[in-house]
Number of protein chains: 2
Amino acid sequence: MNDTKTKILDAAEELVQQVGPNAMSYQQISAAVGVRKASIHHHFPKKENLVEVLLSRCHVVYGDRYKAIVDGTGTAPDKLRKLADVFAEGLRNEQLCLVGTISADLNTLQQSSRMILKTTIQETVGIFAVVFNQGLQEGSLAVAKCTEENAYAFFSFLLGAQISARACGGVQSFRSATEVIISSWENSRC
Amino acid sequence: MNDTKTKILDAAEELVQQVGPNAMSYQQISAAVGVRKASIHHHFPKKENLVEVLLSRCHVVYGDRYKAIVDGTGTAPDKLRKLADVFAEGLRNEQLCLVGTISADLNTLQQSSRMILKTTIQETVGIFAVVFNQGLQEGSLAVAKCTEENAYAFFSFLLGAQISARACGGVQSFRSATEVIISSWENSRC
DNA sequence: GACAGCCATCCTACTGGTAGGTAGGTTGGC
DNA sequence: GCCAACCTACCTACCAGTAGGATGGCTGTC
């Protein structure tokens, strides 16, 4: 992968996380990277291309991060907290998860981008579900048997908590809300 | 309140719920309402004015709806389900809660708009918290004593679930995720 | 090794379209 | 007579995207 191409993607990713895909412009990327706007069009002819590549990259990078947590050591509740930490991290720079910002602008997206987004969410939920399976097996989580639904609910919560925390309450509120959700699943309290 | 002014607000609200405040334009409102763009500027000189009035109206209207549910009859879990129904309703037309879409575009907002948004979230969470208090008193909810944190977590979840459901899964996924969260708080399962 | 051709990269300069916003005029009810 | 409501016509700024030229490294050929 070309160096400039990567720089463009990095700058675009940061912008999208800050202001969303619609408010992000090639002009801003141009200023951030230090190449002309036309050069960005050379690498990503249409903005939709850029957003799609961004989504795909995010799909791989964060998929691996989540998998590393899921396949690592620790109890299921520990792993849920580690997954939440990934979202708390971005929040420190007032940035949202790529999937979150792009989903918020869903109705302005191309059909192809929506499909990639959908797949990304489905696979992320699939990875998260492994933790709930572990929680059921080791008895650390008191959740319903359909672990996919729990994983989907947890992922949805993380998206929303990031958005509301940025608008009101910050990282502290995000953490306490996360603790509320995870502890309600923990078996110890029963 | 003037008739045209209300029509403008209604059209703007629908557009914001569909595509967010940034992608919503005076041109689109003009087409929807049937008045010229300049006339919209007559009622709302700057776009930020419009967004702020929209937020304030949403604050009042939905505040009343939430209060009606909270002050009504039923157990705490019932009321949480009714609150979730309000969010499920908008989702049927691929529309998000105003607070959700506007929060997603937070970094492109004026400081004054952010303050209104923050207040709206805080007061909404305050209303939601009453349900958790009820749940503690009647013993129907097994939650930590800080009901504000639970209410904040629940509100955050609803925002996120609406966004992810629109992108992936639809109303059905929204409902099952909501059930996962509420039932994890219900005391009956312990 | 020298040279010719090629293509990716990046540039300047531009287009058409749309955004938010303004100036100033007309109308009609109080 | 006045003012709110609404209009036409316009402005500047910015957007995504394009045309076409310069550069420079890589490759095949002699």
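Residues numbered from 1 in each chain as written. Chains lettered and ligands numbered in written order. Predicted model: local features only at pLDDT ≥ 70, side-chain atom pairs only at ≥ 80, totals over all residues. Heavy atoms only, no water.

Chain A puts 42 residues into the contact, and the matching count from chain B is 42 residues. Taken over both partners, the interface formed by chain A and chain B buries close to 3700 Å², and the fraction arising from carbon and sulfur atoms is 64%. Interface area lost by chain A to chain B is led by N107(A), Y152(A) and C168(A), which between them contribute 16%. The interface formed by chain A and chain B contains zero salt bridges. Only α1 (3–23), α6 (98–104), α7 (111–138), α8 (147–167) and α9 (170–185) of chain A provide two or more residues apiece to the side of chain A that touches chain B. Ranked by residue count, the leading element in the side of chain A that touches chain B is α8(A), at 14 residues. The class makeup of the residues in the side of chain A that touches chain B is 22 nonpolar, 14 polar and six charged. (Contact = heavy atoms within 4.5 Å. Buried area = accessible area lost by both parts, 1.4 Å probe. Salt bridge = Lys/Arg side-chain N within 4 Å of Asp/Glu carboxyl O. Helix = DSSP H or I, 4+ residues; strand = E, 2+ residues; numbered from the N terminus. Nonpolar A, V, L, I, M, F, W, Y, C, P; charged D, E, K, R; others polar.)

Contacts to DNA strand C come from 18 residues, most closely from T4(A), R36(A), S39(A), H43(A) and K47(B). For DNA strand C, the fraction of atoms within 4 Å of the protein that belong to sugar or phosphate moieties is 63%. At 2.6 Å from a phosphate oxygen of DNA strand C is found a main-chain nitrogen or oxygen belonging to R36(A). At a separation of 2.8 Å, a phosphate oxygen of DNA strand C approaches a polar backbone atom of K47(B). Elements represented by at least two residues in the surface near DNA strand C include exactly α3 (37–43) of chain A together with α2 (26–33) and α3 (37–43) of chain B. By residue number, the principal contributor to the surface near DNA strand C is α3(A), which donates four residues. (Near = heavy atom within 4 Å. Polar contact = N/O pair within 3.5 Å; in protein donor to acceptor, adjacent residues only side chain to side chain.)

Moving on to the environment of D78(B). Position of D78(B) relative to the elements: it lies in helix α5 (residues 76–91). Between the C-alpha atoms of D78(B) and I182(B), which are 104 residues apart in sequence, the distance is 9.3 Å.

Time to look at the relation of the copies chain A and chain B. It takes a turn of 180 degrees to lay chain A on chain B, together with a shift of 0.0 Å along the axis; the resulting RMSD is 0.0 Å. The operation mapping one copy onto its partner corresponds to a two-fold rotation axis. Judged by C-alpha distance, G160(A) is the residue of chain A that lies nearest the rotation axis, at 1.7 Å. Mapped onto chain B, 100% of the interface residues of chain A again fall at the interface, so both copies present the same surface. (Least-squares fit on C-alpha atoms with pLDDT ≥ 70 in both.)

As a further point, take the protein's contact with DNA strand D. Inspection of the region around DNA strand D gives 18 residues, with K47(A), T4(B), R36(B), S39(B) and H43(B) positioned closest. Sugar and phosphate atoms represent 63% of those atoms of DNA strand D found within 4 Å of the protein. Side-chain polar atom of K37(A) to a base oxygen of DNA strand D: 2.8 Å apart, as the coordinates give it. Residue assignment for the surface near DNA strand D shows that the elements contributing at least two residues are α2 (26–33) and α3 of chain A together with α3 of chain B. Counting residues per element, the surface near DNA strand D draws most heavily on α3(B), at four residues.

Tallied over the full model, the rule gives 14 salt bridges over all chains. Between E13(B) and R57(B) there is a salt bridge whose closest N-O contact spans 2.6 Å. One end of the pair, E13(B), is in helix α1 (residues 3–23); the other, R57(B), is in helix α4 (residues 47–70), and 44 residues separate them in sequence. What makes E13(B) buried here is its relative accessible area of 14%. Residue R57(B) is classed as partly exposed on the basis of its relative accessible area of 23%. Linked by salt bridges that have partners in common, D10(A), E13(A) and R57(A) make up one network. (Buried < 20%, exposed > 50% of the residue type's maximum accessible area, 1.4 Å probe, protein only.)

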